[in-house]
Amino acid sequence: MLPMPKTLYTIERHILDQERKHPGATGELTRLLYDMALAGKIIADATTRAGLVNILGATESINSYGETQKKLDVFADDIIFKMNDHTERLCAMASEEHEDLIDIPTSFGTGKYVLLYDPLDGSSNIDVNVAVGTIFAIHRKITHGERGTLTDVLQKGRSLVAAGYMFYGPSTMMIYTTGQGVHGFTLDASIGEFILTHPNIRIPEPPLYYSANQGYEKYWTAGVRRFCKWLQGIDGEGHTPLSQRYIGSMIADFHRNLIEGGVFFYPGDMKVPDKPYGKLRLLFEAQALAFIAQQAGGYASDGLGDILDIQPHQLHQRVPVFIGNRAPVEMAEQFIAECDKDWIKAYREYRDRDPVLLGA
Ligand code: AHM
Ligand code: MG
């Protein structure tokens, strides 16, 4: 006789249960989240078979930052678009791989949500078979026209209605929040269903790991260097060092720290003084993970304050990221406040630009 599981809690059932907690819910967000889970299954399958079907390697297209896109990026981007273009749940989409807002085709109606996504984060890792992920964030439409505009996209992370990621590792996982805790599901490939395996995730204490590309320490500001020394137990009160783990796929690094306790950081620097903001994207990467961290009892900062409170001024805005357990992230803020006056001035000038003046 086969052993019977005590419960079989699928992602569909879970999302529906969450919906029932909102009496006025129409079910649109539920179906949108379920469509993202389905997109995740398709991308997971393509990721697994990538080597076999020979879709690895660069295409000729270059994304809006001049980086070469991999074929799997293009595939993942396309799947998410096609999954959502016709459902009448969205008024617009925006993807890390597109320079401008993605309009809903005029042949289809529109809805009350905006979807932002990074279709394949960490894609430079694909060719060497290292885990990658998809990040998504959902805002409510705030303008009154039929179609979405940049104003609907340039909202603070604080206004997100949902966010999540799919993680294509040894197992495929989907983690999401609608502001009622963070929940994790593992794909059972034999039945093609995401099963609830990590309900109500809380970042455990104490933090065990730190994740950063220390190869760039040369470019870091004094405050960030001191913070890193503090993590190692060298600067400050001399606590037990945290172990360093850096995969270079933010989802993989973030996920480990979410489950085991730790802090990930990709700081701004003064390597190019008029670009003091680091690498990561506020709208496609940082906001979603900041919302998840906050819902799991953690914290995400740009080094000055909560990432969820940053008013975006442009679609591809970049942001320094310190994310994980609250205490180390607040230590980073403290070291930066003490040591990095020039950097703070330069970064504030960038961060606090007016979206209206820039034509948003
Ligand atoms: P991508 O969206 O182009 O893949 O870039 C984001 C990725 C993150 O997943 C990761 O943390 C970071 O880039 C790694 O950058 P670096 O190679 O500079 O350490
Ligand atoms: Mg990315």
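All values reported here derive from a predicted model rather than from experimental measurement. (Residues numbered from 1 in each chain as written. Chains lettered and ligands numbered in written order. Predicted model: local features only at pLDDT ≥ 70, side-chain atom pairs only at ≥ 80, totals over all residues. Heavy atoms only, no water.)

(A) Representation of the coordination of the magnesium ion (ligand 2) within the structure. Every protein donor of the magnesium ion (ligand 2) is accounted for by Glu96 (OE), Asp118 (OD), Asp121 (OD) and Glu285 (OE), and the metal-donor separations fall at 1.9 to 2.6 Å. Along the chain, the residues that donate to the magnesium ion (ligand 2) are spaced as E-x21-D-x2-D-x163-E. Residue glutamate 96 is located in the loop between strand E3 (90-95) and strand E4 (102-103), and its partner aspartate 121 is located in strand E5 (residues 113-121); the two are separated by 25 residues in the primary sequence. What makes glutamate 96 buried here is its relative accessible area of 6%. Given a relative accessible area of 6%, aspartate 121 falls into the buried group. (Donors = N, O, S within 2.8 Å, 3.2 Å for Na, K, Ca; no water. Helix = DSSP H or I, 4+ residues; strand = E, 2+ residues; numbered from the N terminus. Buried < 20%, exposed > 50% of the residue type's maximum accessible area, 1.4 Å probe, protein only.)

(B) Up close: the nonpolar core. Membership of the largest hydrophobic core comes to 70 residues, with the highest contact counts inside it found for Tyr165, Phe227, Leu258, Phe265 and Leu289. Top element by residues in this core is helix H7 (residues 282-295). It accounts for ten residues. A domain-level breakdown of this core finds at least three residues from each of domain 1 (11-198) and domain 2 (209-358). Each residue touching phenylalanine 265, except ones within four places of it in the same chain, is listed here: Tyr210, Ser211, Ala212, Trp220, Val224, Phe227, Cys228, Leu231, Val321 and Phe322. Among the nonpolar cores identified, the runner-up in size contains 39 residues, and Ile15, Ile102, Ala162 and Phe194 belong to it. (Core = buried A, V, L, I, M, F, W, Y, C linked by side-chain atoms within 4.5 Å. Domains from an automatic or database assignment. Contact = heavy atoms within 4.5 Å.)

(C) Summary view of the sheet that holds strand E15 (residues 321-324). Judged by pairing direction, the sheet is mixed, and its five strands sit side by side in the order E12-E11-E13-E15-E14 without closing on themselves. The open sheet terminates on both sides in strands that have one partner only, identified here as strand E12 (243-244) and strand E14 (299-301). Looking at chain direction, strand E11 (residues 209-211) and E12 are connected through two bridges and run parallel. Of the residues in E12, the one forming a bridge with tyrosine 210 is glutamine 244. Against the sheet, helix H5 (residues 222-231) touches E11, strand E13 (262-266) and E15, its axis set at about 160 degrees to E13. Here H7 sits on the sheet and contacts E14 and E15; the angle it forms with E15, its principal contact strand, is near 30 degrees. (Pairing = 2+ DSSP bridges. Axes fitted to C-alpha atoms, helices over the stretch in contact; angles between N-to-C directions.)

(D) Inspection of the pattern of salt bridges at higher detail. Enumeration according to the criterion identifies 15 salt bridges in this entry. In this structure, the salt-bridge partner of arginine 20 is aspartate 17, at a minimum N-O distance of 2.5 Å. Placement of the pair is arginine 20 and aspartate 17 together in helix H1 (residues 11-20), with a separation of three residues, close to one helical turn. The partly exposed category is assigned to aspartate 17, whose relative accessible area is 25%. Measuring nitrogen to oxygen at the nearest pair gives 2.9 Å for the salt bridge that ties arginine 351 to aspartate 352. In this structure, a network of salt bridges that share partners links the residues Glu96, Arg281 and Glu285. (Salt bridge = Lys/Arg side-chain N within 4 Å of Asp/Glu carboxyl O.)

(E) Expanded view of the site of ligand 1. Looking at ligand 1, there are 17 residues lining it, with Asp121, Gly122, Tyr246, Met250 and Tyr266 nearest. One of the side-chain nitrogen or oxygen atoms of aspartate 118 is found 3.4 Å away from an oxygen atom of ligand 1. For ligand 1, an oxygen atom lies 2.9 Å from a polar atom in the side chain of lysine 279. Burial of ligand 1 by the protein chains amounts to 87% of its free accessible area of 470 Å². Of all the secondary-structure elements, those providing two or more residues to the shell around ligand 1 are E5 and E13. Classifying every residue of the shell around ligand 1 by side-chain character gives six nonpolar, five polar and six charged. Shared between two domains, the shell around ligand 1 takes at least three residues from each, and those domains are domain 1 (11-198) and domain 2 (209-358). (Near = heavy atom within 4 Å. Polar contact = N/O pair within 3.5 Å; in protein donor to acceptor, adjacent residues only side chain to side chain. Areas by Shrake-Rupley, 256 points an atom, 1.4 Å probe, with all protein chains shown as cover. Nonpolar A, V, L, I, M, F, W, Y, C, P; charged D, E, K, R; others polar.)

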